[in-house]
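Tertiary structure, described
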Amino acid sequence: MPTLLLTHPVCLLHDTGQGHPERPDRLRAIDDAVSADVFGGLKRELAPLADLAAIERLHPAGYVEAIRAATPKHDFIWLDPDTVMSPNSWEAALRATGAAVYAVDQVMSGAVKNAFCAVRPPGHHAEPSRPMGFCLFNSVAIAALHARAAHGAERVAVVDFDVHHGNGTQAAFWADKDLFYGSTHQMPLFPGTGDLSETGAGNIFNAPLSAGDSRRHFREAFLTRILPALHNFGPDVLLISAGFDAHRDDPLAQIELTESDFTWVTEKLLEMAEKHAGGRVVSTLEGGYNLGALGRSTAAHVEVLMQAAS
Ligand SMILES: [Zn+2]
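Note that the structure is a prediction, hence the values are computed from the model and not measured.

A few words now on the coordination of the zinc ion. Summarising the metal site, the zinc ion is bound by the protein donors Asp162 (OD), Asp162 (OD), His164 (ND1) and Asp245 (OD), whose distances to it range over 2.0 to 2.7 Å. Coordination geometry of the zinc ion: the four donor atoms subtend angles of 53 to 155 degrees at the metal centre, consistent with an arrangement described as irregular. For the zinc ion, all donor residues lie on one chain, and their spacing in sequence is D-x1-H-x80-D. With His164 in the loop between strand 6 (156-160) and helix 6 (167-173) and Asp245 in the loop between strand 9 (237-242) and helix 8 (259-277), this residue pair connects regions lying 81 residues apart in the sequence. Across the pair, exposure class does not vary: His164 and Asp245 are buried alike.

Set out below in structure tokens:
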């Protein structure tokens, strides 16, 4: 069974304006990186549009309509100082979420072993009723709810190694013991949430890191906190919020990881998925703002997904 790679050209047309770190070139860097021969075995498809019904399992219909209505006919509209929409942003957001939902369909049906969604805008900061931090719809949380509603998954886990805390995913999962959220992230840093003491219904596992932390701290956080909790939880499917902004070259944070750390964490997560979830993994892009580091780190991550699938 292959690894599925989903993307869509309209994700390049989500224009965030000059100087914005969450920019179309991010996807071009990833596309270049996964064009190498070693990625010839990927099953490549275009991301479909998400059904509004899938999005509305998480976001109230009024919120979804407000985002649609906010979409500008030309130029830009800022929903907050970080989060901007341009004329193609609505469709890009529907495809970013649609990729994660469709990837869940493909993984749960056994058509593919695992999947990576190379899409933007990202999602993990979007709360049920609030766009935030470059994010409009929380694709990974929507995909988790879809796995339950459409495929009968009983326990769904999201592990988030983006350098920022996924406040939106945490908010979405907060009171639901059958949903797991585990995150490593730099603190203090945007968005300010993610303290160890934030545990929800005993289903939230935050592992904050400090500026300057490196491989040792990152691996320790996974080995002592997130992976044991994930093992106890025993997910039916594992979703990954794959942000690569904990890389040492990233301009938005100060964690000192390299590509090999993303290889390591992906291997550890896939071992856990193999043990509990039949290897079912859907990974979706969140952050990563140094183009070279993003391309190389994504390639390292996808390569591990492919090895698990072969
Ligand atoms: Zn981030």
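Turning to the packing of aromatic side chains, a few remarks are in order. Here the structure, examined in full by the defined rule, presents twelve aromatic pairs. Considering the side-chain rings of Phe180 and Phe205, the 5.2 Å spacing of their centres and the 20 degrees angle between planes classify their relative orientation as stacked. Note that Phe180 is positioned in strand 7 (residues 179-186) and Phe205 in strand 8 (residues 204-209), a separation of 25 residues in sequence. For the pair Phe180 and Phe205, a shared accessibility class is recorded, and that class is buried. An angle of 75 degrees between the planes, with centres 5.0 Å apart, marks the rings of Phe244 and Phe262 as edge-to-face. Here Phe244 is found in the loop between strand 9 and helix 8, whereas its partner Phe262 is found in helix 8, with 18 residues between them in sequence.

Moving on: the pattern of salt bridges. A side chain of one charge can pair with a side chain of the opposite charge if their charged atoms are brought near each other. For the structure on display, the rule yields 15 salt bridges. The salt bridge partner of Asp249 is Arg296, with a shortest N-O separation of 3.7 Å. With Asp249 in the loop between strand 9 and helix 8 and Arg296 in helix 9 (residues 291-309), the pair connects residues that are 47 residues apart, well separated along the chain. Taking the relative accessible area as the measure of exposure, Asp249 reaches 36% and is therefore partly exposed. A relative accessible area of 40% means that Arg296 is categorised as partly exposed. Within the structure, one salt-bridge network assembled from shared partners comprises Glu22, Arg26 and Arg120.

Reading guide: rules and limits
- Residues numbered from 1 in each chain as written.
- Predicted model: local features only at pLDDT ≥ 70, side-chain atom pairs only at ≥ 80, totals over all residues.
- Heavy atoms only, no water.
- Donors = N, O, S within 2.8 Å, 3.2 Å for Na, K, Ca; no water.
- Tetrahedral: all angles 85-135°; square planar, octahedral: opposite > 155°, others 65-115°.
- Helix = DSSP H or I, 4+ residues; strand = E, 2+ residues; numbered from the N terminus.
- Buried < 20%, exposed > 50% of the residue type's maximum accessible area, 1.4 Å probe, protein only.
- Phe/Tyr/Trp six-rings, centres within 6.5 Å; stacked < 30°, edge-to-face > 60°.
- Salt bridge = Lys/Arg side-chain N within 4 Å of Asp/Glu carboxyl O.

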